[in-house]
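# A look at the structure
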Amino acid sequence: MQELIDSLAKKTAEVKKENIAYFKRLKKRVPKNLDYVMQEIHDNEFQKTDCLTCANCCKTTSPMFFPKDIQRISKFLRMKEHQFMDAYLEMDEDDCYVLKSAPCTFLDLEDNTCTIYDVRPKACSEYPHTNRKKFIQLTDLAMKNSEICPATYNIIETLKTQLPLVGKTKK
Ligand code: SF4
Ligand code: SF4
């Protein structure tokens with residue numbers, strides 16, 4: 001898995017132009033069944049992906065923490081919300097609360113498990129967002145996530161194969 005993760009930057013750079021062109025065409029004529037197709041591809045990919053051997057998302061990026069996440073997690077940790085925020089969070093350039101450091105404080109590096117799994121941020125439970133409704137609005141995010149998430153890289157490659165006509169680009 002580590003080899004795959006290490007090769008992602010190169011692989012995503014190689015298909016970047018192609019993917020931008022592909023999603024541009026896809027947006028011009030969005031297939032009615034796109035979300036259905038994405039759900040199937042996502043499910044198939046995660047059936048064969050063992051996130052516990054990867055955890056690259058938890059190691060390299062921070063989820064956004066929304067008020068409900070902060071409320072739920074601080075309660076779970078038996079901390080006051082302001083204590084939790086002071087200890088772990090900071091504001092990013094978009095005024096969103098994110099973790100102060102990476103890897104995520106709540107990742108157990110011994111076995112890649114999440115120590116707050118049942119109350120983890122919504123952004124974590126939805127990651128990498130490839131099966132979200134209105135996926136067409138999330139294509140930039142998917143391309144960005146494919147740089148760190150091998151499953152997302154594979155999902156985009158499979159999508160281009162399953163909806164190939166949309167993927168044709170002019171030379
Ligand atoms: S969601 Fe992607 S980056 Fe995160 S652990 Fe699973 S395969 Fe790895
Ligand atoms: S809260 Fe859990 S799932 Fe979310 S980034 Fe941290 S370790 Fe990963």
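Residues numbered from 1 in each chain as written. Chains lettered and ligands numbered in written order. Predicted model: local features only at pLDDT ≥ 70, side-chain atom pairs only at ≥ 80, totals over all residues. Heavy atoms only, no water.

## Re the site of ligand 2
Lining the immediate surroundings of ligand 2 are Cys 58, Cys 104, Phe 106, Leu 107, Cys 114, Ile 116, Pro 121 and Cys 124. Per-class residue counts for the shell around ligand 2 are 8 nonpolar, no polar and no charged. (Near = heavy atom within 4 Å. Nonpolar A, V, L, I, M, F, W, Y, C, P; charged D, E, K, R; others polar.)

## Overview of the domain arrangement of the protein
As assigned here, the protein comprises domain 1 (2-50 + 128-162) and domain 2 (64-125). Relative placement of domain 1 and domain 2: their C-alpha centres are 26 Å apart. (Domains from an automatic or database assignment.)

## Looking at helix α1 (residues 2-28)
For the α-helix, the turn length of 3.6 residues means that residues three or four positions removed from each other point alike. Compared with the 39 Å implied by 1.5 Å per residue over 27 residues, the 37 Å span of α1 between its first and last C-alpha is a close match. At Lys 16, α1 shows its maximal bend, which comes to roughly 50°. (Helix = DSSP H or I, 4+ residues; strand = E, 2+ residues; numbered from the N terminus. Expected span 1.5 Å × (residues − 1). Bend = angle between axes of the 7 residues up to and from the residue.)

## Some words on the packing of aromatic side chains
How two aromatic rings sit relative to each other is given by the distance of their centres and the angle of their planes. The tally for this structure, following the rule as stated, stands at 6 aromatic pairs. Ring centres of Phe 65 and Phe 84 lie 6.2 Å apart, and the angle between their planes is 55°; on these two criteria the pair is classed as tilted. Taken as a pair, Phe 65 in the loop between α3 (56-60) and α4 (67-76) and Phe 84 in helix α5 (residues 81-88) lie far apart in primary sequence, 19 residues in all. The class of Phe 65 is buried, set by a relative accessible area of 4%. In this structure Phe 84 comes out as buried when scored by relative accessible area, which is 0%. Between the aromatic rings of Tyr 88 and Phe 106, the centroid separation amounts to 5.0 Å while the plane-to-plane angle is 65°, which identifies the pairing as edge-to-face. (Phe/Tyr/Trp six-rings, centres within 6.5 Å; stacked < 30°, edge-to-face > 60°. Buried < 20%, exposed > 50% of the residue type's maximum accessible area, 1.4 Å probe, protein only.)

## Digging into the site of ligand 1
Near ligand 1, the surroundings consist of Thr 49, Cys 51, Cys 54, Ala 55, Cys 57, Tyr 127, Ile 148, Cys 149 and Ala 151. For the shell around ligand 1, a count of residues per class yields 8 nonpolar, 1 polar and no charged.

## Observations concerning the side chain of His 42
Of note, His 42 is situated in helix α2 (residues 34-48). Residue classification places His 42 among the buried residues on the basis of a relative accessible area of 9%. One polar contact links His 42 to Asn 131, side chain to side chain, over a distance of 3.4 Å. If sequence neighbours within four positions are ignored, His 42 has contacts with Pro 128, Thr 130, Asn 131 and Ile 155. (Polar contact = N/O pair within 3.5 Å; in protein donor to acceptor, adjacent residues only side chain to side chain. Contact = heavy atoms within 4.5 Å.)

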